[in-house]
Every structure is written in C-alpha cells, then in structure tokens.
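Reading the structure
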Amino acid sequence: GAGVSQSPSNKVTEKGKDVELRCDPISGHTALYWYRQSLGQGLEFLIYFQGNSAPDKSGLPSDRFSAERTGGSVSTLTIQRTQQEDSAVYLCASSLGDRRQYFGPGTRLTVT
Amino acid sequence: GESVGLHLPTLSVQEGDNSIINCAYSNSASDYFIWYKQESGKGPQFIIDIRSNMDKRQGQRVTVLLNKTVKHLSLQIAATQPGDSAVYFCAEKGSQGSNYKLTFGKGTLLTVNP
C-alpha cells in the first residue's frame with residue numbers, strides 16, 4: 001500500500017480481555033517495529049521484526065504482550081488479560097533497511 | 001535518564017517567523033538522527049534525517065543541524081505556517097547493538113499563531 005496501515009483505529013476493551021492489533025507495513029519493507037505512546041509522552045519501543053523473526057523483544061512490558069509477523073508482511077500485536085495501564089496508542093512503523101522508519105496512524109487502546 | 005531529550009517542551013511563534021526546536025542526546029555512539037512531526041490523532045510523520053558524518057541537512061523549509069561536540073540537534077523551520085503546529089520529536093539510533101530501534105525524546109509542542 002501507499003503507507004503503513006493499522007487496525008482498528010480505536011479499541012475499547014474491558015480489563016482482563018485479550019486484544020489483537022494489526023499492522024500492514026509498506027509493501028517491500030523488510031523491517032517492522034511496534035512502539036507504544038502514552039498520553040503526552042514520547043514513543044516507547046516494544047519489538048522489532050526483520051522478516052518474520054524478532055531479534056529483540058526486550059521492549060515488551062510483560063509476558064502478556066506478544067507479537068508475530070507472517071509472510072514478511074502483516075504483524076499482529078496481542079495483549080492478553082489487558083490492564084488499565086495498557087491504555088495507550090500503539091504505533092507500528094516499517095522501514096527498508098535500518099534507517100528511516102515510516103509510521104502508521106496508530107491504534108488507540110482504552111482499557112476500562 | 002533518557003538518552004534523548006528536548007530543551008523546550010513548548011514553543012509558540014507567529015506565522016511567518018522562523019522556528020527552532022532543540023534536542024540534546026547523550027549517546028555519543030549514535031550515528032543517525034531523525035525528526036518527526038505528530039499532529040493530534042495521527043502517527044508521527046517523517047520530516048528530515050541526518051547521519052552523524054554530516055552537520056547540516058536541508059529540506060523544504062526545514063533544516064537540521066547536528067553538533068556532535070556538544071551532542072545537540074536542532075530543527076529549523078523557515079516561515080512557519082499554522083499547518084506546522086504539532087508536536088515535534090527527535091529520535092536517535094545507535095551504531096551498534098540496538099542499531100535498529102529509535103529512541104525518542106518527549107517532544108516539543110509547536111504552536112503557530114496567525
């Protein structure tokens with residue numbers, strides 16, 4: 001596609017429920033990144049994919065968070081047993097090579 | 001502390017004036033820097049980037065300056081327009097180890113008054 005797309009744009013869920021967030025990177029981009037942005041804050045790195053493998057998962061806040069990427073394209077970030085502190089905007093980015101990253105519009109997650 | 005930070009959290013300018021947004025970084029091994037603009041409700045939008053072997057790079061109405069001696073980065077916006085109002089983030093990337101993830105500062109809110 002023309003840019004990185006993410007879905008849903010907004011997600012409201014009850015505490016304890018699982019959620020899945022989807023990212024479609026720019027076609028041909030080999031690298032994919034997930035970040036989290038809390039209200040009024042900068043971006044916090046979560047995980048990085050090169051192809052379908054994730055060399056670095058160290059940014060994931062807890063074992064309730066997981067991500068996968070299939071076919072070197074679409075990625076899904078899953079949060080299990082959501083907590084209120086998980087409320088944030090989840091941003092996906094992709095890049096060709098290791099430099100300029102292009103971001104999607106984000107998914108705003110609200111845990112009630 | 002964070003490796004990238006901003007001197008000013010907010011900046012208010014008049015339309016037509018030039019804007020300068022500053023950023024300090026602490027990782028001397030960083031070899032790549034990038035500026036993003038984020039409008040309300042949107043994802044960060046790439047503005048301009050610079051490698052550590054350069055000290056200046058110009059784009060359309062924007063210039064990034066890099067001073068490696070004092071580990072300082074700045075974004076200059078010429079003839080600022082109301083559409084430039086947004087939060088601006090600087091980010092850096094290391095040359096070794098975690099040379100793929102960006103480390104972001106907290107951002108500067110730029111407000112352009114008509």
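Our subject in this report is the structure included herewith. Nothing here was measured: the structure is a model prediction, and the numbers come from that model.

**Some words on the nonpolar core**
One recurring pattern in soluble globular proteins: nonpolar side chains tend to sit buried together. Trp 35, Ile 47, Ile 48, Leu 73, Leu 75, Tyr 88 and Leu 110 of chain B are the most contacted members of the largest nonpolar core, which totals 21 residues. Those elements that place two or more of their residues in this core are strand S2 (10-14), strand S3 (19-25), strand S4 (30-38), strand S5 (45-51), strand S7 (62-67), strand S8 (72-77), strand S9 (86-94) and strand S11 (108-113) of chain B. When near neighbours in sequence (up to four residues on either side) are disregarded, Leu 75 of chain B contacts Ser 19, Ile 20, Ile 21, Trp 35, Ile 47, Ile 48, Val 62, Thr 63 and Tyr 88 of chain B. With 20 residues, the next largest nonpolar core counts Val 19, Leu 77, Ile 79 and Tyr 90 of chain A among its residues.

**Topic: the sheet that holds strand S8 (residues 75-79) of chain A**
Residues and elements named next belong to chain A. Reading across the sheet, the four strands line up as S1-S3-S8-S7 and stay open at both edges, with antiparallel pairing between neighbours. Strands with a single pairing partner mark the edges of an open sheet, and in this sheet they are strand S1 (5-7) and strand S7 (65-69). Each strand axis lies, on average, 15 degrees off the axis of its neighbour in the sheet, ignoring direction. Note that S7 and S8 share five bridges and pair antiparallel. Following the sheet pairing, Ala 67 is matched in S8 by Leu 77.

**Topic: the interface of chain A and chain B**
In this assembly, 19 residues from chain A lie in contact with 22 residues from chain B. When chain A packs against chain B, the two sides together hide about 1,700 Å² of surface, and 51% of this comes from carbon and sulfur. A salt bridge links Arg 100 of chain A to Asp 49 of chain B; the nearest nitrogen and oxygen atoms lie 3.1 Å apart. On inspection of chain A and its partner chain B, the count reaches five residue pairs in polar contact (both at pLDDT 80 or more). When residues of the side of chain A that touches chain B are traced back to their parent elements, those giving at least two are strand S4 (31-37), strand S5 (43-50) and strand S10 (102-103) of chain A. Looking at the side of chain A that touches chain B residue by residue, the classes come out as nine nonpolar, six polar and four charged.

**A look at the side chain of Thr 78 of chain A**
Tracing the chain through its elements places Thr 78 of chain A in strand S8. Its relative accessible area of 16% is what places Thr 78 of chain A among the buried residues.

**Focus on unusual backbone geometry**
The linkage connecting Ser 7 of chain A with the following residue, Pro 8 of chain A, adopts the cis geometry, with an omega of -10 degrees. With respect to the helices and strands, Pro 8 of chain A occurs in the loop between S1 and strand S2 (10-13). For Arg 61 of chain B, which is not a glycine, the phi torsion comes out positive at approximately 65 degrees. As for its placement among the helices and strands, Arg 61 of chain B is situated in the loop between strand S6 (56-58) and S7. You can call Arg 61 of chain B partly exposed: its relative accessible area is 30%. Despite not being glycine, Ala 79 of chain B shows a phi value in the positive range, around 50 degrees. Examined against the element boundaries, Ala 79 of chain B turns out to sit in the loop between S8 and S9.

Reading guide: rules and limits
Residues numbered from 1 in each chain as written. Chains lettered and ligands numbered in written order. Predicted model: local features only at pLDDT ≥ 70, side-chain atom pairs only at ≥ 80, totals over all residues. Heavy atoms only, no water. Core = buried A, V, L, I, M, F, W, Y, C linked by side-chain atoms within 4.5 Å. Buried < 20%, exposed > 50% of the residue type's maximum accessible area, 1.4 Å probe, protein only. Helix = DSSP H or I, 4+ residues; strand = E, 2+ residues; numbered from the N terminus. Contact = heavy atoms within 4.5 Å. Pairing = 2+ DSSP bridges. Axes fitted to C-alpha atoms, helices over the stretch in contact; angles between N-to-C directions. Buried area = accessible area lost by both parts, 1.4 Å probe. Salt bridge = Lys/Arg side-chain N within 4 Å of Asp/Glu carboxyl O. Polar contact = N/O pair within 3.5 Å; in protein donor to acceptor, adjacent residues only side chain to side chain. Nonpolar A, V, L, I, M, F, W, Y, C, P; charged D, E, K, R; others polar.

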